[in-house]
Amino acid sequence: MTDTPVERWEYKTLRPERDATRKEAVDPEAALNERGAEGWELAGTIDYTGGGTKFIVFKRPAGRGDGERP
């Protein structure tokens, strides 16, 4: 029987910016592209009760060694 190594992940969250009304989210495209360039992959969202995104959650394999902290 071969032991399969367990993939370890690190996570990072991003709180989407809001405009002055705090009702409409500002387009997070630039922030998403920055995280993608750092090796982060979109894992999901955490939403407010009643709608709207509170946090965007990213993951990437742990131990990349590139100095980037989550």
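The sections below set out a description of the structure shown in this document. Remember, predicted model here, so these are calculated numbers, not experimental data.

## Thoughts on the sheet that holds strand β1 (residues 9-14)
Part 1: Read from one edge of the open sheet, three strands run β1-β3-β2, paired in antiparallel fashion. Taken across any chain shown, the strands that pair with only one partner, and hence form the sheet edges, are β1 and β2 (41-47). Within the sheet, the average angular offset between the axes of one strand and its neighbour, ignoring direction, is 25°.
Part 2: By the bridge criterion, six bridges tie β1 to strand β3 (residues 53-61) in an arrangement that is antiparallel. Residue Lys12 lies in a different strand from β3, and its bridge partner there is Phe58.

## With respect to the packing of aromatic side chains
Part 1: By the definition in use, this model includes zero aromatic pairs.
Part 2: The ring of Trp9 carries Lys59 above its face, with NZ or CZ at 4.1 Å from the centroid.

## Focus: the side chain of Glu10
Part 1: As for its position among the elements, Glu10 is in strand β1.
Part 2: Here Arg60 takes part through its side chain, which lies 2.7 Å from a polar atom of the side chain of Glu10.

## A few points about the pairing of β2
Part 1: Where β2 lies against β3, six bridges are found, and the strand directions are antiparallel. In the strand pairing of β3, Ile46 is matched with Phe55.

## Some remarks on the environment of Arg60
Part 1: Residue placement: Arg60 occurs in strand β3.
Part 2: What makes Arg60 buried here is its relative accessible area of 1%.
Part 3: In this structure the C-alpha to C-alpha distance between Arg60 and Arg8, which are 52 residues apart in sequence, comes to 8.6 Å.

## Re the environment of Phe55
Part 1: When you line up the elements, Phe55 lands in strand β3.
Part 2: By relative accessible area, which is 22% here, Phe55 ends up partly exposed.
Part 3: With ten residues separating them in the primary sequence, Phe55 and Thr45 have C-alpha atoms 5.7 Å apart.
Part 4: Beyond its immediate chain neighbours, meaning those up to four positions away, Phe55 contacts Thr13, Leu14, Arg15, Pro16, Gly44, Thr45 and Ile46.

So, how was this worked out
Residues numbered from 1 in each chain as written. Predicted model: local features only at pLDDT ≥ 70, side-chain atom pairs only at ≥ 80, totals over all residues. Heavy atoms only, no water. Pairing = 2+ DSSP bridges. Helix = DSSP H or I, 4+ residues; strand = E, 2+ residues; numbered from the N terminus. Axes fitted to C-alpha atoms, helices over the stretch in contact; angles between N-to-C directions. Phe/Tyr/Trp six-rings, centres within 6.5 Å; stacked < 30°, edge-to-face > 60°. Lys NZ or Arg CZ within 6 Å of the ring centre and 35° of its normal. Polar contact = N/O pair within 3.5 Å; in protein donor to acceptor, adjacent residues only side chain to side chain. Buried < 20%, exposed > 50% of the residue type's maximum accessible area, 1.4 Å probe, protein only. Contact = heavy atoms within 4.5 Å.

Structural measurements only, silent on function.
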